[in-house]
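In case you want the letters, here they are:
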Amino acid sequence: MADRVTACVVCGSTFVPESHIRWTKDGYEIVRCPVCGLLFRRDLPTQTDLDEIYGLEYFKGGAEGYLDYLADEEVHRLSARRRLDVLEHVVPRGQLLDVGAAAGFFVAEARARGWDAAGIDVSEPMVDWGRRELNVPLERRMLGELRDGAFDAVTMWDYIEHALDPAADLQRAHELLRPGGVLALSTGDAATLVARASGSRWHLLTPRHHNFFFTADTLSRLLAQSGFEVASLDHRGSRYPVRYLVHKLRALVPVRPLDALTGRLARSRVGAIALPVNLWDIVTVVARRK
């Protein structure tokens, strides 16, 4: 039987993935494109896998996910307001689609500032919670399932690494945007010092949930191929609750004292304190539809 050949979603080069495995982590093989350097899971999940992958465990208590996504609502809202500040520098308020909206905190903040905002996500428990508790327009669906729309802005905060086909998603976003509309997104940058020094232990290299690991260069290249012109690109920090930071540290260094500390912080006021953190390994891009 001939070796299977795969094609890189960024540069289009074809190669045998078995010959270009960069790491094996948590039972998943990470392949590196020999031409452009894009890192991605050799075997991507299917759409039917998504219900299990993005069930409640991912958002509460999962080792590679969130300690308690809903409990950190105020931190997510603060991040949303900062992201809206960036977005509103380049596009007037109008119709907005948030892809990978989870429980809808960004959508809620956008609507509070005058945007006609809605969101989509694949996680049934998050979409149900957001509809019920926040009363925001959320739908449980994939981006490729949207057949029409005319948006002034499409946002993909910490989403593109989860995509099954990022090239198709960017192309669909381009089609859904009005001329001059804006796409804003954030994702890990695998070319940064922290990522390279960490190797397979990089905190964003979590292949059960993340399928693609971009760099600023590969992401910019894919955006250009999808009909976008990059307006801004930077590596900005964010705020994270102490309990979340310890939770992520525990995933990297699984020792018993951290297990006990995580449990105590989850129930304490100290654990809820949000600290500014910037490892310079997350890239935020705003790109305009040509």
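Everything numeric in this text was worked out from a predicted model, so none of it was measured.

Caption draft 1: Broad picture of the overall build of the protein. Each helix and strand in the protein was counted, giving 11 helices and 15 strands. By residue count, 49% of the 290 residues in the protein fall in the buried class. Once local pairs closer than 6 in sequence are excluded, the contacts in the protein between residues at least 24 apart make up 69%. Of the accessible surface of the protein, which amounts to about 13,700 Å², a share of 51% is contributed by carbon and sulfur atoms.

Caption draft 2: Layout of the pairing of strand β3 (residues 21-25). Pairing geometry for β3 and strand β4 (residues 28-32), over four bridges, is antiparallel. Bridge assignment links K25 to a residue of β4, and that residue is Y28. The antiparallel pairing of β3 with β4 creates a hairpin that spans two residues between the two strands, and D26 there sits at a positive phi of about 55°.

Caption draft 3: Local environment of the packing of helix α3 (residues 73-88) against helix α4 (residues 105-112). Where α3 contacts α4, the two axes come as close as 9 Å, and the packing angle between them is 55°. The angle between the axes of α3 and α4 places the two elements in the oblique class. As α3 packs across α4, the resulting crossing turns out to be right-handed. From α3, E73, H76, R77, A80, R81, R83 and L84 reach across to α4, where they touch F105, F106, A108, E109 and A110. Split into classes, the residues belonging to the contact of α3 with α4 amount to six nonpolar, one polar and five charged.

Caption draft 4: Local environment of the packing of aromatic side chains. Tallied over the full model, the rule gives 12 aromatic pairs. When the ring of Y58 is compared with that of Y66, the centres are 5.7 Å apart and the planes differ by 80°; the resulting orientation is edge-to-face. Taking the relative accessible area as the measure of exposure, Y66 reaches 22% and is therefore partly exposed. Look at F106 and W157: their rings are 5.8 Å apart centre to centre, the planes differ by 65°, and that puts the pair in the edge-to-face class. Of this pair, F106 sits in helix α4 while W157 sits in strand β9 (residues 151-157), placing them 51 residues apart in sequence. Aromatic rings pair up to connect Y54, Y58, F59, Y66, Y69, F105 and W129 into one cluster.

Analysis parameters
Residues numbered from 1 in each chain as written. Predicted model: local features only at pLDDT ≥ 70, side-chain atom pairs only at ≥ 80, totals over all residues. Heavy atoms only, no water. Helix = DSSP H or I, 4+ residues; strand = E, 2+ residues; numbered from the N terminus. Buried < 20%, exposed > 50% of the residue type's maximum accessible area, 1.4 Å probe, protein only. Contact = heavy atoms within 4.5 Å. Areas by Shrake-Rupley, 256 points an atom, 1.4 Å probe, with all protein chains shown as cover. Pairing = 2+ DSSP bridges. Axes fitted to C-alpha atoms, helices over the stretch in contact; angles between N-to-C directions. Parallel < 35°, antiparallel > 145°, perpendicular 65-115°, else oblique. Left-handed = near helix turned anticlockwise from the far one by under 90°. Nonpolar A, V, L, I, M, F, W, Y, C, P; charged D, E, K, R; others polar. Phe/Tyr/Trp six-rings, centres within 6.5 Å; stacked < 30°, edge-to-face > 60°.

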